[in-house]
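Residues per chain, in single letters:
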Amino acid sequence: MSAPADTPNDTLYAEDRTDQNDPAVRAAQEERLRAVWKPPSGLFLRWTDVNNNRVGVWYTLTAFAFMLFAGVLALVMRTQLAVPENDLVSANTFNQLFTLHGSMMMFLFAVPMFEAVSIILLPQLLGARDLPFPRLSAFGYWSFLLGGVFVGGSIFFNAAPDGGWFMYPPLTTRTDLSGLGADIWMLGLSFIEVSSVAAAVELIVGVLKCRPPGMRLNLMPLYAWYILVVAVMILFAFPPLIAGDVLFEMERLLGWPFFDASKGGDPLLWQHLFWIFGHPEVYIVFLPSIALFAMMIPTFAQRHLLGYPWIVLAAVGTAFLSFGLWVHHMFATGLPKISLAFFSAASEAVAIPTGVQIFAFIATLWAGKVKWSTPLLYAVGSLAIFTIGGLTGVMVAVAPFDWQAHDTYFVVAHLHYVLIGGTLLPLFGGLYYYWPLVTGKRLSDRIGRTAFWVMFVGANLAFMPMHLSGLEGMPRRVFTYPAALGIGGLNMASTLGAFLFASGVLMVCIDLALSPTRAKAPRNPWAAGTLEWLAKPDDENWGIRSVPLIETRYPIWDQPGFVQKVDEGRFFLPDAPEMRRETIITSVIDARPIQVARLGTPSVVPMLTAISLGSVFILTTYHLYWAALVGGVVTLACVLYWLWTGTAEIPEKPAKSIGHGITVPLYLSGPSASGWWAMFITMMADATAFSGLVFGYYFFWTVHADFPPPDAMGPGVFWPMTALALTVAGWGATVAARGIHASGRVGPARVLLVVALVATLGSAVAGLAGPWTTGLDPKSHVYPAIVWTLAIWTAVHAGIGGIAQAYTLARSLAGRMTPVYDADLRNITVYLHFLLFTGIVTYATIGLFPGAAS
């Protein structure tokens, strides 16, 4: 029986696990755990395993391979630019090279790599057997792999995107000016964005709900804090780009003029939506690298990190400010002076929380007894390079200077200093630090140090001259330049530096290839104090032996006999008597155990779902719409099968003992459950994407005095208000069904679900009837185009809501949902809350907004 919430840890968990004194008992428990977590046998079946550690390794290796490929593209570009008037590649090929290089580094390496590493490290750091939705992680990996191969492989067919990794309209939206590559970029990367959001949901719920007992928020490892902040940033940064992708592809495929100025559109809308994503993404890829520093620096200083609460606040502050400075990429577009002043100030202010974090790390090293090592060398060197990039960032944050340096190689130099110092070198440092944890083998200090200095010198030689060539007038994105410009020497130096940097990366690759031949590393070779180093070099797939009680931030250092107690199973969940994969779910604030969660087992369903969803994007690229529709139906079938067989399982008993006299439920629903949190977080991302579309509507209204046009026929008031009334009815019936069902009246609840289903589907029909019956032509002007877009978005979500209501009704009729086990109904109610919000905003905007109903 769980004790009251205010009971101290040392009282609640004081009793020892005396049953663990018998070695035979411990051996039997370990054998059951080993059997439960054993991966499937056979080459194909191994790919169906969804264990987060295994998926994370696949994820990491794939992202690393994409990084190497993008690096090769960069070397080809630098070779082309080594001397003036070179003809190694054509202008068209060069455009494909720099577009694909930037796209792969940002979308296929930087963000996926941090997610991949986090999928490996978080369960270890949190003392969890796994993250809460391992099948979701597997789905994210397969989506990432398929989308990455589709986008990256396009260059071998001369079909790669060539409009820059930012894809500015109208050059990219006009099909006569850009080929198939723009569709490949847009639809392929949209598919990859799905995997990024899926990983963010997994990481947020993992950090909030899978911490070990006692690990309150103020005891979390800083890595977990950083990942929580970054995953939340993804929820608010990626969806606006998804909204922009929707508008972009509707213009390219259907001719709806969102960015066509001749029909009321505006190309600047794309820039706003893109950079609302694009600038926070710089911090999305930087903060996880800082998180690696936060784990390495205390280890090599052999002391607790100084300024823990200030670092957490600085990370949150960096995330918050990063969303307020996207317009500094648009200083040259002719913005009002007040906008220039605001965004310039915000761009400079973000240096303050960044400086707090860096100075905290320096102070920790200053106060500790530093043990210099290869990982620490990478950390310190990357901070030096990042600081240079940060200083030039403050320079381009000043509008008059930005006007001079905009679209020159000065900005290229700034960007690469930030990304190499803030992302790439820290990842190499983390690679040397955590390789013993993942493989049980250490990498070579000699090769690692040599590689570092080669990369350090190469990075500075490659990008420092670009500051000068940019100030001398060399523009970005040009495939050649005249000798008279006088910058041939600077470009040759940059090319030599790029190849020198690449040789350092090659050394690291050789070191990785040689590591399997080396002897096993000792356990915790760096003498670290955090939970991930409980793993042994020959660790089992089930991770740590027992889920520990946490009382400090560095339990291996501070809790007496901690490692021995974990190894002997003297903490929680040391056994798997029911032969199921399980982990402990805890409360969000104080990490008190509230559930034992049954985790997903090996399955081919996530792979099939990713393949079928990928087919929708890929087939749409080639305008095979009927085949794409079939792919969509298959995707829906896969998702429904996944949910029906793999979620909300009614357990064989209501509760289970986790040891120390504590019994917790095997099933939870509502705000305490992981599934409820996953639905809420997913809907936050969905609402953010929807807000991007609404932003588009009001952006047009703001910048165009004649929006809506005086002679435009709006959708009227009747149909939008009818759709809104039906949306409210569907929502109200679902909420009422939830309450009545919980009271045990299953029959009336089913009737209400039928009513909700009819009303919700009716709202979809009524929502589309407004623009349909008034004959709005979305090709004629941006106003009918954006009205149709909002109506379709809301109708599609209503259709999904109807499917969810029908699914829940089917679960009830099949006996898979009861008044006690009602997670399905509670989760779809969360969806209906967000559908109601979407309906109110959409129908009020298109039906009641001044001028819209004329």
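Refer to the structure printed above.
Remember, it's a predicted structure, so these values are computed and weren't measured experimentally.

**Some remarks on the overall build of the protein chain**
Turning to step 1, where the next piece is worked out: Along the backbone of the protein chain there are 26 helices and 4 strands.
Turning to step 2, where the next piece is worked out: Against the globule reference of 29 Å for 854 residues, the protein chain gives a C-alpha radius of gyration of 28 Å, in line with a compact fold.
Turning to step 3, where the next piece is worked out: Based on the C-alpha atoms only, the size of the protein chain along its principal axes is roughly 80 × 70 × 50 Å.
Turning to step 4, where the next piece is worked out: Counting all 854 residues of the protein chain, 60% fall into the buried class.
Turning to step 5, where the next piece is worked out: In the protein chain, once contacts between residues fewer than 6 apart in sequence are set aside, the share between residues at least 24 apart is 81%.
Turning to step 6, where the next piece is worked out: Just so you have it, the protein chain exposes about 31100 Å², and 71% of that area is on carbon and sulfur atoms.

**Points about the pairing of strand E4 (residues 662–665)**
Turning to step 1, where the next piece is worked out: Taking every second residue as pointing to the same face, the buried face of E4 carries Ile662 and Val664, while none of Thr663 and Pro665 on the other face is buried.
Turning to step 2, where the next piece is worked out: Pairing between strand E3 (residues 655–659) and E4: 4 bridges, direction antiparallel. Residue Ser657 lies in a different strand from E4, and its bridge partner there is Thr663.

**Looking at the packing of aromatic side chains**
Turning to step 1, where the next piece is worked out: The full count for this structure, using the stated rule, is 60 aromatic pairs.
Turning to step 2, where the next piece is worked out: Ring centres 5.9 Å apart and planes at 40° place the aromatic pair Phe700 and Phe707 in the tilted group. The same class applies to Phe700 as to Phe707, namely buried.
Turning to step 3, where the next piece is worked out: An aromatic cluster is built from Phe107, Trp165, Trp185, Phe238, Phe248, Phe259, Trp270, Phe274, Trp275 and Phe277, whose rings are joined through pairwise contacts.
Turning to step 4, where the next piece is worked out: Across the ring face of Tyr308, the terminal group of Arg553 is positioned such that the distance to the ring centre comes to 3.6 Å.
Turning to step 5, where the next piece is worked out: It is Arg811 that lies over the ring of Trp644; its NZ or CZ is 5.3 Å from the centre.

**Notes on the pattern of salt bridges**
Turning to step 1, where the next piece is worked out: Following the criterion strictly, the structure yields 20 salt bridges and no others.
Turning to step 2, where the next piece is worked out: When the shortest N-O distance is used, the salt bridge between Arg598 and Glu582 registers 2.7 Å. Of the two residues, Arg598 is situated in strand E2 (residues 593–598) and Glu582 in strand E1 (residues 582–586); the sequence distance between them amounts to 16 residues. Glu582 matches Arg598 in its accessibility class, with the two residues each being buried.
Turning to step 3, where the next piece is worked out: Close ionic contact of Asp822 with Arg826 constitutes a salt bridge, the shortest N to O distance being 3.1 Å.
Turning to step 4, where the next piece is worked out: Judged by its relative accessible area of 25%, Arg826 falls in the partly exposed class.
Turning to step 5, where the next piece is worked out: Here the salt bridges do not stand alone but share partners, grouping Glu578, Glu582, Arg598, Glu652, Lys653 and Lys656 into one network.

**Overview of the packing of helix H4 (residues 52–80) against helix H15 (residues 409–439)**
In a packed pair of helices, the relevant descriptors are the angle between the two axes and the axis-to-axis distance.
Turning to step 1, where the next piece is worked out: Direction vectors running N to C along H4 and H15 enclose 145°, while the axes themselves pass 13 Å from each other. The two elements H4 and H15 meet at a crossing, and its hand is left-handed. Facing H4, whose interface residues are Val57, Phe64, Met67 and Arg78, H15 presents Tyr409, Leu424, Phe428 and Val438.
Turning to step 2, where the next piece is worked out: Of the residues belonging to the contact of H4 with H15, the class tally is 7 nonpolar, no polar and 1 charged.

**Section: the side chain of Gln559**
Turning to step 1, where the next piece is worked out: Looking at where Gln559 falls in the secondary structure, it is placed in the loop between helix H18 (555–558) and helix H19 (562–567).
Turning to step 2, where the next piece is worked out: Once residues within four sequence positions are removed from consideration, Gln559 is found in contact with Leu549, Ile550, Glu551 and Thr552.

**A short note on the side chain of His467**
Turning to step 1, where the next piece is worked out: Of note, His467 is situated in helix H16 (residues 445–471).
Turning to step 2, where the next piece is worked out: Those residues within four positions of His467 in sequence are excluded, and the remaining contacts are Thr392, Phe410, Ala413, His414 and Tyr417.

**Some details on the nonpolar core**
Turning to step 1, where the next piece is worked out: Counting residues in hydrophobic clusters, the biggest one holds 248 residues, and the most contacted among them are Tyr223, Tyr226 and Phe428.
Turning to step 2, where the next piece is worked out: Broken down by element, this core gets its largest block of residues, 23 residues, from helix H9 (residues 267–301).
Turning to step 3, where the next piece is worked out: Apart from residues no more than four positions distant in its own chain, Tyr226 is found in contact with Leu287, Ile290, Ala291, Ala294, Ile311, Ala315, Gln357 and Phe361.
Turning to step 4, where the next piece is worked out: Residues Leu753, Ala804, Leu809 and Leu825 belong to the second largest nonpolar core, which totals 7 residues.

**Focus: the environment of Glu30**
Turning to step 1, where the next piece is worked out: Its location among the elements puts Glu30 in helix H2 (residues 23–37).
Turning to step 2, where the next piece is worked out: In the structure, Glu30 is positioned 546 residues away from Ala576 in sequence and 8.6 Å away in space, judged by C-alpha atoms.
Turning to step 3, where the next piece is worked out: Contacts of Glu30, omitting those with residues within four sequence positions, involve Trp542, Arg545 and Asp567.

**Considerations on unusual backbone geometry**
Turning to step 1, where the next piece is worked out: Along the chain, Pro169 connects to Pro170 via a cis peptide bond; the corresponding omega equals 5°.
Turning to step 2, where the next piece is worked out: Topologically, Pro170 is positioned in the loop between helix H6 (134–152) and helix H7 (180–209).
Turning to step 3, where the next piece is worked out: Although it is not a glycine, Asn158 sits at a positive phi angle of roughly 55°.
Turning to step 4, where the next piece is worked out: On the secondary structure map, Asn158 appears in the loop between H6 and H7.

**Overview of helix H12 (residues 351–367)**
Turning to step 1, where the next piece is worked out: Its 17 residues place the ends of H12 24 Å apart at the C-alpha level, agreeing with the 24 Å of an ideal helix rising 1.5 Å per residue.
Turning to step 2, where the next piece is worked out: Along H12, the residues classified as buried are Pro353, Thr354, Gly355, Gln357, Ile358, Ala360, Phe361, Thr364 and Leu365.
Turning to step 3, where the next piece is worked out: Buried-residue contacts for H12 involve helix H8 (222–254), H9, helix H10 (308–322), helix H11 (337–349) and helix H13 (374–396).

**Describing a nonpolar patch on the surface**
Turning to step 1, where the next piece is worked out: A contiguous nonpolar surface patch, about 300 Å² in accessible area, is contributed by Val83, Leu461, Met492 and Leu496.
Turning to step 2, where the next piece is worked out: Locating Leu496 in the fold gives a position in helix H17 (residues 488–514).
Turning to step 3, where the next piece is worked out: The class for Leu496 is exposed, based on a relative accessible area of 51%.

**A closer look at the environment of Trp644**
Turning to step 1, where the next piece is worked out: With respect to the helices and strands, the residue Trp644 is situated in helix H21 (residues 625–646).
Turning to step 2, where the next piece is worked out: According to the relative accessible area criterion, Trp644 is partly exposed, its value standing at 26%.
Turning to step 3, where the next piece is worked out: When the C-alpha positions of Trp644 and Arg816 are compared, they lie 8.9 Å apart, and in sequence the two are 172 residues distant.

**Some thoughts on the environment of Trp453**
Turning to step 1, where the next piece is worked out: Here Trp453 is to be found in helix H16.
Turning to step 2, where the next piece is worked out: Judged by relative accessible area, which is 48%, Trp453 ranks as partly exposed.
Turning to step 3, where the next piece is worked out: Placed 72 residues apart in sequence, Trp453 and Gly381 show a C-alpha to C-alpha distance of 9.0 Å.

Reading the values: rules and limits
Residues numbered from 1 in each chain as written. Predicted model: local features only at pLDDT ≥ 70, side-chain atom pairs only at ≥ 80, totals over all residues. Heavy atoms only, no water. Helix = DSSP H or I, 4+ residues; strand = E, 2+ residues; numbered from the N terminus. Rg over C-alpha atoms; globule rule 2.2 N^0.38 Å. Buried < 20%, exposed > 50% of the residue type's maximum accessible area, 1.4 Å probe, protein only. Contact = heavy atoms within 4.5 Å. Areas by Shrake-Rupley, 256 points an atom, 1.4 Å probe, with all protein chains shown as cover. Pairing = 2+ DSSP bridges. Phe/Tyr/Trp six-rings, centres within 6.5 Å; stacked < 30°, edge-to-face > 60°. Lys NZ or Arg CZ within 6 Å of the ring centre and 35° of its normal. Salt bridge = Lys/Arg side-chain N within 4 Å of Asp/Glu carboxyl O. Axes fitted to C-alpha atoms, helices over the stretch in contact; angles between N-to-C directions. Left-handed = near helix turned anticlockwise from the far one by under 90°. Nonpolar A, V, L, I, M, F, W, Y, C, P; charged D, E, K, R; others polar. Core = buried A, V, L, I, M, F, W, Y, C linked by side-chain atoms within 4.5 Å. Expected span 1.5 Å × (residues − 1). Patch = residues over 30% accessible without salt bridge, like charges linked within 9 Å, V, L, I, M, F, W, Y side chains within 5 Å.

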